[in-house]
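Structural features, examined
Here is how the chains run, residue by residue.
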Number of protein chains: 2
Amino acid sequence: MAFDAIETPFGKIDRIVGGAATYIAYAASNFIQPILQVSIVGDDFPKEEMDELKRRGVQLNGVEIMAGKKSFFWSGRYHEDMNTRDTLITDLNVLADFNPKVPDNYQGAEFLMLGNLQPVIQMSVIKQLKKRPKLIVMDTMNFWMESAMPDLEEVLKHVDMLLINDAEARQLSGQFSLVKAARSILQMGPKYLIIKKGEHGALLFHEDNVFFAPALPLEEVFDPTGAGDTFAGGFIGHLAKTGDISFDNMKRGIIVGSAMASFCVEKFGPTRLKEINRKDIDIRIQMFKDLVNFDIELV
Amino acid sequence: MAFDAIETPFGKIDRIVGGAATYIAYAASNFIQPILQVSIVGDDFPKEEMDELKRRGVQLNGVEIMAGKKSFFWSGRYHEDMNTRDTLITDLNVLADFNPKVPDNYQGAEFLMLGNLQPVIQMSVIKQLKKRPKLIVMDTMNFWMESAMPDLEEVLKHVDMLLINDAEARQLSGQFSLVKAARSILQMGPKYLIIKKGEHGALLFHEDNVFFAPALPLEEVFDPTGAGDTFAGGFIGHLAKTGDISFDNMKRGIIVGSAMASFCVEKFGPTRLKEINRKDIDIRIQMFKDLVNFDIELV
């Protein structure tokens, strides 16, 4: 949970709430409540945002508020194609000292989504859970592959699913072909792999099965910040709601995640995610059905 | 119909048959025969290739053979990502004098696929057909947008469908967003637009409807040469076979085209297209169904 400053070809905002856990919570809470949030913020994090999250069934007793300190801050600028961005500022602030404590009332959680963070912090949360969740999904990024690879490899052995983008999959595996990259990553621990390709959709791999979901073709991508985390929140929210971790249901989860991400990019930060309701989401999911479903007779 | 020299990260071939019409004919002839080919070659074009095409129901009396002249020759080198390539040599040869004559026995053709060529040549073929085909599809490229835009605009007014890649759609429309590009191009004449995105699939636009088909995630793209033309051949071959030009059937056509293209890239030039049979194609189409189809209940 953090603050971002974002510049896109369409506009600029100096300070808006962000952070993987914020996006994941806003997305997932449409499908299941409570969301048991584990994070850290400074005393600058807005009370109104906390109240809004609580109103959506996000429990915050696992979110540490450090007095006299500032929340994590990221600032970035997107290029014309919106697929690449430059990081301008990364102020760790409270994140430098993050030592997550899982509250007692979080024990028994069946679905665990580990946002992108130091692998040792992700590992610490896994270890604090007395009963292993039914499904553990993790995100990560190139930075940890370069600076904490042994720790990352260890976490990979403890999770069910890894969720990364195409560049990260190539870096992690050393393979250019995403099919080969997937095969290699599925031998590192996770049984499921989602490779996010931004505007080009997402791939789900499990054993010899592959599923693909496109991103919705949008007139304008206004701000892609948080789209990947929103996808993750929608995905795991759908799985948690249904309690079904079959491959077929994961397909549905990817469509739900893609629908949520398609809202996220319409306005700055998580703004759009706070406006939509269940009906908006259903209409968007129907658009995905129309976009990809076809019926063909094989003769 | 031409010769290509191709260099990819995986290999190099100094001379192999190519050309849009060759790929289109090999792909389409799996679905409908006869294919009524209009093209021009030099007397260097191999008799065995002509015989192979004839064997597949491709009529060649519309293919002019110019004695003492050479066939069109293209040479290119693909980059590591296989999405971009450098043209090394373009020898027009016979193409410099191409003035297509549509044979009498071609009259009444219901489906016309215009491969990428000078717009005036494409227009000439349209004009020679006494009865307007049920569906006219055209391909084009950035070169004609830069050197023959008024001619290209004229052809666009006479076709039903334009089939181009994403960079070409952006150039033709002056719009970066493909959704906006599509809207703009659909006002130039064609009622249908297919935007090919290479390894990222293809989009079909018609009025407010959009359909998306992914490319099959392949372990290795060996040689992408001709994949777009093979896609076009599979697409129009399916439409011609079924005689159905509804939007729903175009969706199926795009899946068929994508399946054909997924074979094309497996070996140099059209090599792989000559090896496969109808059963291979059906298995590949089933892979597309498994890849994208999902079932979700909206509550």
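The rules behind each value
Residues numbered from 1 in each chain as written. Chains lettered and ligands numbered in written order. Predicted model: local features only at pLDDT ≥ 70, side-chain atom pairs only at ≥ 80, totals over all residues. Heavy atoms only, no water. Buried < 20%, exposed > 50% of the residue type's maximum accessible area, 1.4 Å probe, protein only. Helix = DSSP H or I, 4+ residues; strand = E, 2+ residues; numbered from the N terminus. Pairing = 2+ DSSP bridges. Right-handed = clockwise from strand over helix to strand, strands pointing away. Axes fitted to C-alpha atoms, helices over the stretch in contact; angles between N-to-C directions. Least-squares fit on C-alpha atoms with pLDDT ≥ 70 in both. Contact = heavy atoms within 4.5 Å. Phe/Tyr/Trp six-rings, centres within 6.5 Å; stacked < 30°, edge-to-face > 60°. Parallel < 35°, antiparallel > 145°, perpendicular 65-115°, else oblique. Left-handed = near helix turned anticlockwise from the far one by under 90°. Nonpolar A, V, L, I, M, F, W, Y, C, P; charged D, E, K, R; others polar. Buried area = accessible area lost by both parts, 1.4 Å probe. Salt bridge = Lys/Arg side-chain N within 4 Å of Asp/Glu carboxyl O. Arc of directions from axis to C-beta.

With respect to the pairing of strand β8 (residues 135-139) of chain A
All names here are of chain A. Burial analysis of β8 places 5 of its 5 residues in the buried class, which makes it a mostly covered element. The side-chain alternation of β8 yields two buried faces, one formed by Leu135, Val137 and Asp139 and the other by Ile136 and Met138. Here strand β7 (residues 111-114) runs beside β8; their pairing, made up of 4 bridges, is parallel. Each bridged residue has a counterpart across the sheet, and for Leu112 the counterpart in β8 is Ile136. Following the chain from β7 across helix α3 (residues 119-128) to the adjacent parallel β8, one finds a crossover that is right-handed.

Quick word on the sheet that holds strand β6 (residues 85-91) of chain A
Residues and elements named next belong to chain A. Strand order in the open sheet formed by 4 strands is β2-β1-β5-β6, with mixed pairing between adjacent strands. Strands at the two margins of the open sheet, each flanked by one partner only, are β2 (11-18) and β6. Each adjacent strand pair in this sheet contributes to an overall mean axis angle of 15 degrees, direction not counted. In this sheet, strand β5 (residues 72-78) lies alongside strand β1 (residues 2-8) in parallel orientation, the contact comprising 6 bridges. Paired with Asp4 across the bridge in β5 is Trp74.

Observations regarding the relation of the copies chain B and chain A
Superposing chain B onto chain A takes a rotation of 180 degrees plus a shift of 0.0 Å along the axis, which leaves an RMSD of 0.0 Å. Both copies are brought into coincidence by an operation consistent with a two-fold rotation axis. The fraction of interface residues of chain B whose copies in chain A are also interface residues reaches 100%, indicating that both copies meet through the same surface.

Quick look at the sheet that holds strand β6 (residues 85-91) of chain B
All names here are of chain B. The strand order β2-β1-β5-β6 describes an open sheet built from 4 strands, whose pairing is mixed. Because the sheet does not close on itself, it has two edges, and the strands there are β2 (11-18) and β6. Going across the sheet, the axis of each strand differs from the next one's by a mean of 15 degrees, ignoring polarity. Relative to β2, strand β1 (residues 2-8) runs antiparallel, the two being bridged by 6 bridges. The residue bridging Ile6 from the neighbouring strand is Ile13, located in β2.

Looking at the packing of aromatic side chains
By convention here, two paired aromatic rings are described through the distance between centres and the angle between planes. All names here are of chain A. Counted according to the given criterion, the structure contains 11 aromatic pairs over all chains. When the ring of Phe10 is compared with that of Phe222, the centres are 6.2 Å apart and the planes differ by 20 degrees; the resulting orientation is stacked. Taken as a pair, Phe10 in the loop between β1 and β2 and Phe222 in the loop between β12 (209-213) and α8 (227-242) lie far apart in primary sequence, 212 residues in all. Owing to a relative accessible area of 39%, Phe10 belongs among the partly exposed residues under this scheme. Judged by its relative accessible area of 23%, Phe222 is partly exposed. Here the aromatic rings of Phe222 and Phe268 are separated by 4.8 Å at their centres, their planes lie at 75 degrees, and the arrangement is edge-to-face. Residue Phe222 is located in the loop between β12 and α8, and its partner Phe268 is located in the loop between α9 (247-264) and α10 (278-292); the two are separated by 46 residues in the primary sequence.

Thoughts on the packing of helix α6 (residues 166-173) of chain A against helix α7 (residues 178-185) of chain A
All names here are of chain A. Viewed as axis vectors pointing N to C, α6 and α7 meet at an angle of 60 degrees, and their least axial separation amounts to 9 Å. As far as their axial angle goes, α7 and α6 are oblique. With respect to the hand of their crossing, α6 and α7 are arranged in left-handed fashion. Residue-level inspection shows Asp166, Ala169, Arg170, Leu172 and Ser173 of α6 in contact with α7, the latter providing Leu178, Ala181, Ser184 and Ile185. Its residues assigned to classes, the contact of α6 with α7 comprises 5 nonpolar, 2 polar and 2 charged.

Observations concerning unusual backbone geometry
Residue A:Gln33 is joined to A:Pro34 through a cis peptide bond whose omega torsion reads 0 degrees. Within the secondary structure layout, A:Pro34 lies in the loop between α1 (20-28) and β3 (35-42). If you check the backbone angles, B:Asn93 has positive phi at about 50 degrees while not being a glycine. By secondary structure assignment, the location of B:Asn93 is in the loop between β6 and β7 (111-114). In this structure, B:Glu207 takes a positive phi of about 50 degrees despite not being glycine.

Brief notes about the interface of chain B and chain A
Taken together, the contact pairs 39 residues of chain B with 39 residues of chain A. Around 3,800 Å² of area is buried between chain B and chain A when both sides are counted, 59% of it from carbon and sulfur atoms. Of all residues in chain B, the largest losses of buried area upon contact with chain A belong to B:Glu219, B:Phe294 and B:Ile296, amounting jointly to 19% of the total for that side. Across the pair A:Lys180 and B:Glu220 runs a salt bridge whose closest N-O atoms are separated by 2.7 Å.

Regarding helix α2 (residues 47-55) of chain B
All names here are of chain B. Looking at α2, one finds that the buried residues are Glu49, Met50, Glu52 and Leu53. Buried residues of α2, viewed axially, fall in a sector of 160 degrees; they line one side. Among the exposed residues of α2, those oriented more than 90 degrees off its buried face are Lys47, Glu48, Lys54 and Arg55. Residues of α2 that are buried sit in contact with β2, α1 (20-28), β3 (35-42) and β4 (58-66). Looking one or two places after α2, you find Gly57, whose phi comes out positive at around 80 degrees.

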